[in-house]
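Descriptive analysis of the structure
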Amino acid sequence: MELYLDTSDVAAVKKLARIFPLAGVTTNPSIVASGAMPIEKLLPALHEALDGRGRLFAQVLANDAAGMVAEARKLRQMVADLVVKVPVTAEGLAAIKCLKAEGIPTLGTAVYGAAQGLLAALAGAEYIAPYVNRVDAQGGDGIQTVTELQRLLTLHAPQSKVLAASFKTPRQALDCLLAGCESITLPLDVAQQMIAAPAVSAAVEKFEQDWLAAFGRATL
């Protein structure tokens with residue numbers, strides 16, 4: 001199982017990389033724009049925040065296959081082992097096929113349906129990113145989409161992985177993992193919610209109080 005952070009906040013990545021067993025960081029054009037750091041500076045900074053050990057994902061902006069391939073090559077010059085995110089459109093599928101032939105790993109993104117995701121996998125994408133909460137917001141069932149996509153990949157494209165994205169709650173992420181999803185990427189607030197339960201803090205505080213009352217110190 002691979003756990004990623006979905007952010008461009010270099011300081012937060014550095015802080016959480018000490019705590020979480022991170023596989024890397026995912027970004028998209030909106031996330032990069034929100035941080036206002038040019039991508040050619042951001043990607044190396046994120047790589048350094050992960051101590052050079054995590055995998056980075058960055059997305060192309062072009063709408064045609066030729067432009068996507070050119071931008072993918074440019075992104076790979078910034079960080080050599082970067083995974084290129086390509087929207088799963090008709091042109092995106094063509095780009096994924098070309099990049100596969102060049103040995104450039106891709107993630108099929110902006111996936112709103114299981115069939116769409118399967119096509120990206122068959123075209124050669126290493127990862128497929130269904131948008132869980134966005135599917136829900138459009139009246140669909142994001143978890144069901146992930147479940148169906150995971151089953152399709154297991155049956156027909158086992159070389160590809162679901163990397164579920166677009167979460168508002170830890171429960172959504174856990175349901176994806178229970179569905180067999182091998183990878184998830186979390187926004188910072190959802191990642192922090194996973195370890196910030198008030199009941200946990202209260203339990204730890206009670207242990208300390210009881211120990212202090214019995215032995216007059218707060219250490220072993």
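Going by the structure above, here's the rest.
Each chain has its residues counted from 1, running along the sequence as written. Totals for whole chains, interfaces and linings use all residues, but because this is a predicted model, local features are given only for residues with pLDDT of at least 70 and pairs of side-chain atoms are given and counted only at 80 or more. Only hydrogens and water are removed before side-chain values are computed, so all heavy atoms of the structure are retained for them.

1. Overview of the overall build of the chain
For the chain, the helix and strand inventory stands at 11 helices and 8 strands. Exposure classes here rest on a 1.4 Å probe applied to the protein chains alone. A residue is buried below 20% of its type maximum, exposed above 50%, and partly exposed in between. The burial tally for the chain puts 46% of its 220 residues in the buried class. Here, two residues are considered to be in contact whenever any of their heavy atoms come within 4.5 Å of each other. Considering only contacts within the chain whose residues lie at least 6 apart along the sequence, 55% involve residues at least 24 apart. For the chain, the separation between the mean place of its 19 positive charges and that of its 21 negative charges on side chains is 3 Å. In this description a helix means any DSSP run of H or I spanning at least four residues, a strand means any run of E spanning at least two, and both kinds are numbered starting from the N terminus. Charge assignment: positive for Lys and Arg, negative for Asp and Glu; neither His nor the chain ends contribute. Every charge is mapped to an atom, namely NZ of Lys, CZ of Arg, CG of Asp or CD of Glu.

2. Side note on the pattern of salt bridges
Only one rule defines a salt bridge in this text: a Lys or Arg side-chain nitrogen within 4 Å of an Asp or Glu carboxyl oxygen. Applying the stated criterion across every chain yields a total of 6 salt bridges. In this structure, K161 engages E2 in a salt bridge whose closest nitrogen and oxygen atoms are separated by 2.8 Å. Remark: E2 occurs in strand β1 (residues 2-6) and K161 occurs in strand β7 (residues 161-164); sequence separation between them is 159 residues. Overall, the relative accessible area of 23% leaves K161 in the partly exposed class.

3. Some remarks on the sheet that holds strand β8 (residues 183-186)
One key point about sheets: their strands pair by backbone hydrogen bonds, in either a parallel or an antiparallel sense. The strand order β1-β2-β3-β4-β5-β6-β7-β8 describes a closed barrel built from 8 strands, whose pairing is parallel. Between one strand axis and the next, the sheet turns by 25 degrees as a mean value, whatever way the strands run. Sheet strands touched by helix α5 (residues 90-102): β4 (83-87) and β5 (106-111). Its angle to β4, the strand with the most contacts, is close to 155 degrees. The convention used is that axes are lines fitted to C-alpha atoms, helices contributing only their stretch in contact, and that angles between N-to-C directions extend from 0 to 180 degrees. Contacts between helix α8 (residues 142-156) and the sheet are confined to β6 (127-130) and β7, with β7 contributing the most and set at about 160 degrees to the helix. Two strands are said to pair when DSSP picks up at least two bridges between them.

4. Some thoughts on the packing of aromatic side chains
Only the six-membered ring of Trp is used, alongside the rings of Phe and Tyr, when aromatic pairs are assigned; centres must lie within 6.5 Å, and planes under 30 degrees apart are stacked while those over 60 apart are edge-to-face, with the rest tilted. Counted according to the given criterion, the structure contains 4 aromatic pairs. With centroids separated by 5.3 Å and ring planes inclined at 75 degrees, the aromatic side chains of F57 and Y127 adopt a geometry described as edge-to-face. Of this pair, F57 sits in strand β3 (residues 55-59) while Y127 sits in strand β6, and the two are 70 residues apart along the sequence. Note on Y127: relative accessible area 1%, which makes it buried. Relative to F215, the ring of W211 lies with its centre 4.5 Å away and its plane at 50 degrees, an arrangement referred to as tilted. Of the two residues, W211 and F215 both sit in helix α11 (residues 198-215), 4 residues apart, roughly one turn of that helix. Since its relative accessible area comes to 30%, W211 is described here as partly exposed. F215 gets classed as partly exposed once you look at its relative accessible area, which sits at 47%.

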